[in-house]
Amino acid sequence: MSDLLIGPDGLARCAWVGDDAEYRRYHDEEWGRPLRGDRPLFEKTALEGFQAGLSWITILRKRPHFREVFAGFEPDVVAAFGDDDVERLMGDAGIIRNRAKILATISNARLLLDMEPGEFDALMWSFAPASHSRPASFAEVPATTPASDAMSKALRKAGFRFVGPTTMYALMQSAGMVDDHLTGCHRADA
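Below or above, wherever it landed, is the structure these notes cover. What you see is a predicted model; the values in this text were computed from it and never measured.

### What about the pattern of salt bridges?
Next, step 1: Throughout the structure, instances matching the rule amount to 13 salt bridges.
Next, step 2: The partner of D121 in a salt bridge is R36, and the shortest N-O contact between them spans 2.6 Å. Of this pair, D121 sits in helix α7 (residues 119-125) while R36 sits in the loop between α1 (21-29) and α2 (38-51), and the two are 85 residues apart along the sequence.
Next, step 3: Classification of R36 as partly exposed rests on a relative accessible area of 48%.
Next, step 4: One salt bridge in this structure joins R134 and D179, with 3.1 Å as the shortest N-O distance.

### As for the side chain of R187
Next, step 1: The residue R187 is located in the segment after α9 (165-174) in this model.
Next, step 2: Among buried charged residues, R187 stands out as having no salt bridge; its nearest opposite-charge side chain is D28, 5.6 Å away.

### A short note on the packing of helix α5 (residues 83-90) against helix α6 (residues 99-113)
Next, step 1: Taken N-terminus to C-terminus, the directions of α5 and α6 make an angle of 135 degrees; their axes are 10 Å apart at the nearest point. The angle between the axes of α5 and α6 places the two elements in the oblique class. Crossing angle aside, the handedness with which α5 passes α6 is right-handed. Only R99, I102, L103 and I106 of α6 make contact with α5, whose side of the interface consists of V86, E87, L89 and M90.

About the criteria used
- All residue numbers refer to positions counted from 1 along the written sequence of the respective chain.
- Note on the predicted model: pLDDT of at least 70 is required for a residue's local features to be given, and 80 or more for side-chain atom pairs to be given and counted; whole-chain, interface and lining totals, by contrast, use all residues.
- Side-chain measures here rest on the full set of heavy atoms in the structure, leaving out hydrogens and waters.
- The term salt bridge refers to a side-chain nitrogen of Lys or Arg lying within 4 Å of a carboxyl oxygen of Asp or Glu.
- Secondary structure elements are defined from DSSP: runs of H or I of at least 4 residues count as helices, runs of E of at least 2 residues count as strands, and each element is numbered from the N terminus.
- Partly exposed residues are those whose accessible area sits between 20% and 50% of the maximum for their type, while under 20% is buried and over 50% is exposed, using a 1.4 Å probe and protein chains only.
- Only four residue types enter the charge count, namely Lys and Arg as positive and Asp and Glu as negative; His and the chain termini do not.
- Whenever a helix is involved, its axis is fitted only over the stretch in contact; in every case the axis is a line through C-alpha atoms, and angles between N-to-C directions fall within 0 to 180 degrees.
- If an angle is under 35 degrees, it is roughly parallel; if it is over 145, roughly antiparallel; if it lies from 65 to 115, roughly perpendicular; otherwise it is oblique.
- Two helices crossing with the near one rotated counterclockwise from the far one by less than a right angle form a left-handed crossing, whereas a clockwise rotation gives a right-handed crossing.
- Between two residues, a contact is recorded if the distance between any of their heavy atoms is within 4.5 Å.

Below, the structure written as structure tokens:
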């Protein structure tokens, strides 16, 4: 049970939640639930890219501001961002001010616009495994899988950036392509 934590509501959760109320909400309402659509998956891809090297709670707390300054992650709007927008974003302490990640988000939006509607969603979900064993402990949760390696490779081949295999496995978990809620977590098989 050390990899599970009993919350103030008496429910068992994956212990990575800790005692943070926003993390509990995210765990219970979003993480591991199927996320569909080009725009939502573009947002998730961008935020997972910004998270690389940082903790997810940092991104989660900054997410409302990210959404504001990245125009709700509407790909057509983000794709039109120019040098002035990059400088505006670099000066905004409410987000992660990393030029390479900002430029990747804009570039990735442009690539998404070259796709047919629904194509990005279909591409991302094509890597969801047909079956996935529920982990009993954190030690059983991989950093990457053959599916996340393949997703990363396909996206990089298409020109997408900040889509490494570890980042893509985190996306697969958060977007519900795999369900890594631990055995005993109240969200397991919910």
